[in-house]
Amino acid sequence: MKNSKKYKTSTATPYKQLSFADFLDQYFSILNAIYMNPRNKKSHELGCLYFDLNGGVGTDPKTGDGSPIIFHKKAIEHGIKYRAHIYELDKETFGKLAVSTSGFPDDFHIYNQDHSVIVDKLDGIYQPLQHGIIYCDPTDLDINFDLLKVMAKYYPKLDIVINVAAGSWKRSVTVHDWERLPDILSTIKGKLIFRKPIMQSQWTILVCTNFKGFKAWESRHFQDLDTDLGREWYNKLFYSANDLKKMNPQLPGF
Ligand SMILES: C[S@@+](CC[C@H](N)C(=O)[O-])C[C@H]1O[C@@H](n2cnc3c(N)ncnc32)[C@H](O)[C@@H]1O
């Protein structure tokens, strides 16, 4: 879609890693509750499928564990069986990832490939029962929505998790006429929850989830549009002050 491929950290990285860990704590708690029901025996046997579309280095000396390792550790902590597929395009970054994940279980697979190759592997596979996660943590705003769309169809029970600077995206909506993120995401998977935005770039984690409406998300700092706080965050994440003024000209302060 757009440009940069290289791994790099920002001052928002520790918050991102914490947010992702919070997401996983809640997600795995829900999975364990589902697996307790004998009717879900097959899903339990299949375990959690994890696609990490932007693997990174694994462990960074400044910011600690990255998403593939956070996922692995959290799955162990919650007693979740998994199969993980981690994609990292940059050769040097992949080399570091390989070192920091050496000795990981056989079901933890890493690939020095562009994540779009996943499409070729999906052919003929339909997995209606398996729960799991697709994690997209691009450099800049390079989100492969076409891939997410195809994957959401093949794996309807996978949640899509996106780390993004919503403020930067919003500017591109104004300046370059990009589509708004919720409008794009609603064509992929309908139920959106989101993490509190931080910093000027409004970093957030967006989740298109199968498990919206669980109050427990709030204790992990995720909201949806059904709460006042959620509406406040949503407006901040996806609309500029000018947009809001046009939508609500009667609001004081505009
Ligand atoms: C922000 S970093 C990921 C950080 C990682 N998720 C973590 O938590 O440490 C983005 C990574 O995506 C990789 N990348 C960019 N485009 C890619 C593609 N098409 N396929 C696979 N990896 C890609 C970059 O090389 C970079 O290492």
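Computed from a prediction, not measured in an experiment: that's the story for all the values here.

## Comments concerning the overall build of the protein chain
(1) Moving on: A count of helical and extended segments in the protein chain gives 11 helices and 10 strands.
(2) Moving on: In terms of C-alpha radius of gyration, the protein chain reaches 18 Å, essentially the compact-globule figure of 18 Å for 254 residues.
(3) Moving on: The burial tally for the protein chain puts 34% of its 254 residues in the buried class.
(4) Moving on: Relative to all contacts within the protein chain whose residues are 6 or more apart in sequence, the contacts with residues 24 or more apart total 75%.

## Things to note about the sheet that holds strand β4 (residues 82-87)
Strand pairing in a sheet is mediated by backbone hydrogen bonds. Such pairs are either parallel or antiparallel.
(1) Moving on: Across the sheet, which stays open at both edges, the eight strands sit in the order β5-β4-β1-β6-β7-β9-β8-β10 with mixed pairing between neighbours. Edge positions in the sheet fall to β5 (108-111) and β10 (222-223), since each of these pairs with one other strand and no more.
(2) Moving on: The sheet contact formed by strand β7 (residues 158-165) and strand β9 (residues 203-208) spans six bridges and is antiparallel. Pairing of isoleucine 160 across the sheet is with cysteine 208, part of β9.

## Some details on helix α1 (residues 13-36)
(1) Moving on: For α1, spanning 24 residues, the distance from its first C-alpha to its last is 35 Å, which sits close to the expected 34 Å at 1.5 Å a residue.
(2) Moving on: Taken together, the buried positions of α1 are occupied by Lys16, Gln17, Ser19, Phe20, Phe23, Leu24, Gln26, Tyr27, Phe28 and Leu31.

## What about unusual backbone geometry?
It is generally the case that most residues other than glycine have a negative phi and that most peptide bonds are trans.
(1) Moving on: Phi at aspartate 140 is positive, roughly 60 degrees, even though this residue is not glycine.
(2) Moving on: The exposure class assigned to aspartate 140 is partly exposed, which follows from the 15 C-beta atoms found within 10 Å.
(3) Moving on: Unusually for a residue other than glycine, methionine 199 sits at a positive phi of about 60 degrees.
(4) Moving on: Note on placement: methionine 199 falls in the loop between β8 (192-195) and β9.

## Regarding the nonpolar core
(1) Moving on: Counting residues in hydrophobic clusters, the biggest one holds 56 residues, and the most contacted among them are Ile134, Cys136, Val161, Ile162, Leu206 and Val207.
(2) Moving on: Not counting chain neighbours up to four residues away, the residues in contact with leucine 206 comprise Ile162, Val164, Leu181, Leu185, Leu192 and Phe194.

Parameters at a glance
- Residues numbered from 1 in each chain as written.
- Predicted model: local features only at pLDDT ≥ 70, side-chain atom pairs only at ≥ 80, totals over all residues.
- Helix = DSSP H or I, 4+ residues; strand = E, 2+ residues; numbered from the N terminus.
- Rg over C-alpha atoms; globule rule 2.2 N^0.38 Å.
- Buried ≥ 20, exposed ≤ 12 C-beta atoms within 10 Å, placed from the backbone.
- Contact = placed C-beta atoms within 7 Å.
- Pairing = 2+ DSSP bridges.
- Expected span 1.5 Å × (residues − 1).
- Core = buried A, V, L, I, M, F, W, Y, C linked by C-beta atoms within 7 Å.

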